[in-house]
Amino acid sequence: MKFWPRTLLLYFSLALLLAGLIFYGVLVSRTIIPPGSTPGQIARQIQKYGLDRPVPQLYAPFLFTFLPGLALLGLYVTVGLRQKDFQHWIVTRVVIIFLLITSVINIWTFFVTAQASLQDALPAFWLSLAVALLALGNFIFLLLVWNGRRWGMWAYGISTFVMDTLKFVGHIPIFPILFELFSVVILIVLLRPVWNEEMV
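Residues numbered from 1 in each chain as written. Predicted model: local features only at pLDDT ≥ 70, side-chain atom pairs only at ≥ 80, totals over all residues. Heavy atoms only, no water.

### Some thoughts on the overall build of the protein chain
- Counting its regular elements, the protein chain contains 9 helices and 0 strands.
- Ordered by position from the N terminus, the helices and strands of the protein chain form the series α-α-α-α-α-α-α-α-α.
- Looking at the protein chain as a whole, 40% of its 200 residues qualify as buried.
- Pairs at least 24 apart in sequence give 75% of the contacts found in the protein chain among residues at least 6 apart.
- With an accessible surface of roughly 11,300 Å², the protein chain has 74% of that area assigned to carbon and sulfur atoms. (Helix = DSSP H or I, 4+ residues; strand = E, 2+ residues; numbered from the N terminus. Buried < 20%, exposed > 50% of the residue type's maximum accessible area, 1.4 Å probe, protein only. Contact = heavy atoms within 4.5 Å. Areas by Shrake-Rupley, 256 points an atom, 1.4 Å probe, with all protein chains shown as cover.)

And the structure:
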């Protein structure tokens, strides 16, 4: 990919991601119930901001900015920055793409969970938000692994361990947690043949 389209793609993807985070921040701020609010005041706030709308409608600005931003960032890294001297086996590519999709699902699920839990339990909000941000980190680390960055694999492993620890504390079912931890082992096994020769 030529330099200027590649740079434009990067800036556009980052702008979409930033816009999505801003939309999410606005939504969270509108969800906060001031202390001492009466049931009538809470109902008026919900009606004013449409907080009782279905999730796809409530998150429409986020869906049309943040998620396309992730997709364009993935395209930028996997195509625009691809190193010709580092080649994946087809199985490794499939696994990384699957884990990228899993990370996006985690980001979406726990951003929604964080906003939904804000009115009821503040610790649950922060825990869910931390998981969503760690999942975002995993997405970026996997893109680095795609490009042969060995430290991206270590960062992905550590981030996944911390994320799954928070999930366990938050009483998430154990099987998805074990699957995510096992995925780290699988990815390391698949990358071992090129670990020393081609990864940097």
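### A word on the nonpolar core
- Counting residues in hydrophobic clusters, the biggest one holds 43 residues, and the most contacted among them are Tyr 24, Phe 66, Phe 111 and Leu 187.
- Counting residues per element, the ones that place at least two in this core are helix H1 (3-31), helix H5 (66-80), helix H6 (90-117), helix H7 (122-146), helix H8 (150-169) and helix H9 (174-195).
- In terms of residues, this core owes the most to one element, H7, which gives 11 residues.
- Contact partners of Leu 187, with chain neighbours within four places excluded, come to Val 95, Ile 96, Leu 99, Leu 142, Val 145, Met 153 and Tyr 156. (Core = buried A, V, L, I, M, F, W, Y, C linked by side-chain atoms within 4.5 Å.)

### As for the pattern of salt bridges
- Applying the stated criterion across every chain, the model contains 1 salt bridge.
- A salt bridge links Lys 167 to Glu 180, with the nearest nitrogen and oxygen atoms 2.8 Å apart. A residue pair is termed long-range when its members are at least 10 positions apart, and Lys 167 in helix H8 and Glu 180 in helix H9 qualify at 13 residues. Considered together, Lys 167 and Glu 180 belong to a single accessibility category, that of buried residues. (Salt bridge = Lys/Arg side-chain N within 4 Å of Asp/Glu carboxyl O.)

### Let's talk about empty space enclosed by the protein
- All chains considered together, the criterion is met by 2 cavities of 30 Å³ or more.
- The space that makes up the largest cavity amounts to roughly 80 Å³.
- For the lining of the largest cavity, the secondary structure elements donating two or more residues are H6, H7, H8 and H9.
- Examining the composition of the lining of the largest cavity, we find that 4 residues originate from one element, H6, more than from any other.
- In terms of residue class, the lining of the largest cavity is built from 5 nonpolar, 6 polar and 1 charged. (1 Å grid on protein atoms, 1.4 Å probe; cavity = no way out; pocket = protein on both sides within 12 Å on 5 of 7 lines; lining within 4 Å. Points joined across faces, edges and corners; volume = space filled by probe spheres on them. Nonpolar A, V, L, I, M, F, W, Y, C, P; charged D, E, K, R; others polar.)

### Points about the packing of H7 against H8
- Contact geometry for H7 and H8: axes closest at 9 Å, N-to-C directions at 160°. As far as their axial angle goes, H8 and H7 are roughly antiparallel. For the pair H7 and H8, the crossing hand works out as left-handed. Counted together, Leu 127, Ala 130, Val 131, Leu 134, Ala 135, Asn 138, Phe 141, Leu 142, Leu 144 and Val 145 of H7 and Trp 151, Gly 152, Met 153, Ala 155, Tyr 156, Ser 159, Thr 160, Val 162, Met 163, Leu 166, Lys 167 and Val 169 of H8 form the full contact between these two elements.
- When its residues are assigned to classes, the contact of H7 with H8 shows 17 nonpolar, 4 polar and 1 charged. (Axes fitted to C-alpha atoms, helices over the stretch in contact; angles between N-to-C directions. Parallel < 35°, antiparallel > 145°, perpendicular 65-115°, else oblique. Left-handed = near helix turned anticlockwise from the far one by under 90°.)

### Quick word on the layout of surface pockets
- For the largest pocket, the calculated volume is near 180 Å³.
- Phe 23, Leu 27, Arg 30, Leu 58 and Pro 61 are the residues nearest the centre of the largest pocket, which is lined by 13 residues in total.
- Going through the elements one at a time, H1, helix H3 (55-58) and helix H4 (60-63) are the ones with two or more residues in the lining of the largest pocket.
- Broken down by element, the residue count for the lining of the largest pocket peaks at 5 residues, all from H1.
- For the lining of the largest pocket, the per-class residue count stands at 10 nonpolar, 1 polar and 2 charged.

### What to know about the side chain of Ser 13
- For Ser 13, the location among the structural elements is in helix H1.
- On the basis of relative accessibility, which here comes to 0%, the residue Ser 13 falls in the buried class.
- Looking at Ser 13, its side chain comes within polar contact range of the main-chain oxygen of Leu 10, at 2.7 Å.
- Every residue in contact with Ser 13, bar those within four places of it in the chain, is listed here: Gly 69, Leu 72 and Leu 73. (Polar contact = N/O pair within 3.5 Å; in protein donor to acceptor, adjacent residues only side chain to side chain.)

Coordinates in, geometry out; function isn't part of it.
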